[in-house]
Amino acid sequence: MSTNLAERVAARRNHPPARQTTRGAVAQQPNLVQFVQSMRGEIARALPAHVANPERIARIALTELRRVEHLAECTQESFGGALMTCAQLGLEPGGALGEAYLLPFWNKRVRAYEVQLVIGYQGMIRLFWQHPAAAGLAAHTVHENDEFEYEYGLDPVLRHKPARSDRGRPTDYYAVAKMANGGSAFVVMSVEDVEAIRQRSKSRDSGPWATDYDAMARKTVIRQLFKLLPKSPELARAVAHDEGVRRDLSPEGLDTPPDYIEGEVVEQAPADEQQAAVEDVPAEFAGWPEAAEPNEGA
């Protein structure tokens, strides 16, 4: 008996049991990998007509599972919901293009990791171009040595001439849109205005706010501008699901408001320690500009 006990203790030391994670379950990466594989048909049916590569969406999702710490430990419902939202909007669920980000966070209420979907700067711009009235969109950073003036009112004015060198620190961000009927609108936000919004985000110190602050600041001002503009149905849904958690994998889940739950976003490894992004980016998306023409990326 004692010999058997000693052998069992030694075996347990040499081969410890699987690490327990959320709700007492073992680490979920193999399950989520199989789950993504099983979702290929649903992804294919959810993709818009102009996005016809469900295999790429699934491959990027699998890459993100390996690349982003704790993402593989998230619940299947929240991971699948975020993936379905990306598929239905036609956005790639990874940071390579800046269209959408899958961020794990610890839900204190259910004591489990869940996926928070953050729509990126480029994703917002891409969806803007799907509206037939869209004619132009740009967002820029103003630095302290730039020439910059703006004025709201009946005769609005916006003038920005960047300094040729030594532009100094950022002071403002602005977004301007032109519509096919000749109308236009713009919004200007100071660095302090952007910071006030960042502080209200669960992912204020991680994810794209940590790795791509300038792009997230421009996305913030674009979101404020969208309040003044007509939006395509896809863009309206993207704004509604931004920084939310979706657990409904049915097609109708995109029209249901997501949950916004107090949680703790998981700190991510520095960018230079993460694996390279997924390869074979289609030529039409490579180097996607800040404000592409409709026929370049829409």
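A brief structural summary. Just so we're clear, the structure is a prediction, and the values are computed from it rather than from any experiment.

1. Focus on the pattern of salt bridges
The tally for this structure, following the rule as stated, stands at 17 salt bridges. Across the salt bridge formed by Arg67 and Glu64, the nearest N and O atoms sit 2.9 Å from each other. Here the residue Arg67 and the residue Glu64 both occupy positions in helix 4 (residues 54–67), the gap between them amounting to three residues, near one helical turn. Take Arg67 and Glu64: they sit in the same class, and that class is buried. Residue Arg198 pairs with Asp205 through a salt bridge whose shortest N-O separation is 3.2 Å. What makes Arg198 buried here is its relative accessible area of 11%.

2. A few points about helix 4
If you check helix 4, its first and last C-alpha atoms are 20 Å apart, about what 14 residues at 1.5 Å a residue would give, namely 20 Å. Within helix 4, eleven of the 14 residues are buried, which leaves it mostly tucked inside the rest of the structure. Along helix 4, the positions that sit buried rather than exposed are Pro54, Arg56, Ile57, Ala58, Ile60, Ala61, Leu62, Thr63, Glu64, Leu65 and Arg67.

3. Here's the deal with the packing of helix 6 (residues 121–128) against helix 10 (residues 233–241)
If you want to describe how two helices pack, look at the angle between their axes and the distance between the axes. Helix 10 packs onto helix 6 with a crossing angle of 155 degrees between their chain directions and a minimal axis gap of 8 Å. By the angle between their axes, helix 6 is roughly antiparallel relative to helix 10. Crossing angle aside, the handedness with which helix 6 passes helix 10 is left-handed. Of helix 10, the residues touching helix 6 (which contributes Met124, Leu127 and Phe128) are Glu234, Leu235, Ala238 and Val239.

4. What about the environment of Ala72?
Looking at where Ala72 falls in the secondary structure, it is placed in the loop between helix 4 and helix 5 (76–89). Using a relative accessible area of 7% as the deciding quantity, one classes Ala72 as buried. Residues Ala72 and Glu114 lie 42 residues apart in sequence; the distance between their C-alpha atoms is 9.8 Å.

5. Section: the packing of aromatic side chains
Applying the stated criterion across every chain yields a total of eight aromatic pairs. Ring plane angle 10 degrees and centroid distance 6.0 Å describe the contact between Phe128 and Phe226, whose orientation is recorded as stacked. Taken as a pair, Phe128 in helix 6 and Phe226 in helix 9 (residues 213–226) lie far apart in primary sequence, 98 residues in all. Of the two residues, Phe128 and Phe226, both sit in the buried class. Centroid distance Tyr150 to Tyr152: 5.6 Å. Interplanar angle 70 degrees. Geometry classified as edge-to-face. Overall, the relative accessible area of 38% leaves Tyr150 in the partly exposed class. Tyr152 gets classed as partly exposed once you look at its relative accessible area, which sits at 45%. A network of ring pairs unites the aromatic residues Phe148, Tyr150, Tyr152, Tyr174 and Phe186 as a single cluster.

6. Brief notes about the pairing of strand 5 (residues 157–161)
Relative to strand 5, strand 4 (residues 147–151) is paired through five bridges, and the arrangement is antiparallel. Along strand 5, the bridge assignment pairs Glu149 with Arg159. If you look at the hairpin formed by strand 4 and strand 5, you'll find five residues sitting between the two strands, and Gly153 has a positive phi there, around 130 degrees.

7. So, the sheet that holds strand 7 (residues 184–190)
Sheet architecture is open: three strands sit in the order 3-6-7, paired in antiparallel fashion. Of all strands in the sheet, those bounded by a partner on one side alone are strand 3 (134–143) and strand 7. Here the average twist between neighbouring strands, direction ignored, is 10 degrees. Relative to strand 7, strand 6 (residues 170–179) is paired through seven bridges, and the arrangement is antiparallel. Across the sheet, the residue bridging to Ala175 is Val187, located in strand 7. On top of the sheet, helix 7 (residues 191–199) reaches strand 6 and strand 7; it is set at about 80 degrees to strand 7, its chief contact. Most of the contacts of helix 9 go to strand 6, to which it runs at about 45 degrees, and overall it touches strand 3, strand 6 and strand 7.

8. Looking at the side chain of Asp172
Within the secondary structure, Asp172 sits in strand 6. Despite its burial, Asp172 pairs with no opposite charge; the closest candidate is Arg169, at 8.0 Å N-O. With residues near it in sequence (within four places) discarded, Asp172 still touches His140, Thr141, Val142, Phe148, Val188, Met189, Ser190 and Val191.

What counts and what doesn't
- Residues numbered from 1 in each chain as written.
- Predicted model: local features only at pLDDT ≥ 70, side-chain atom pairs only at ≥ 80, totals over all residues.
- Heavy atoms only, no water.
- Salt bridge = Lys/Arg side-chain N within 4 Å of Asp/Glu carboxyl O.
- Helix = DSSP H or I, 4+ residues; strand = E, 2+ residues; numbered from the N terminus.
- Buried < 20%, exposed > 50% of the residue type's maximum accessible area, 1.4 Å probe, protein only.
- Expected span 1.5 Å × (residues − 1).
- Axes fitted to C-alpha atoms, helices over the stretch in contact; angles between N-to-C directions.
- Parallel < 35°, antiparallel > 145°, perpendicular 65-115°, else oblique.
- Left-handed = near helix turned anticlockwise from the far one by under 90°.
- Contact = heavy atoms within 4.5 Å.
- Phe/Tyr/Trp six-rings, centres within 6.5 Å; stacked < 30°, edge-to-face > 60°.
- Pairing = 2+ DSSP bridges.
- Lys, Arg positive; Asp, Glu negative; His and termini not counted.

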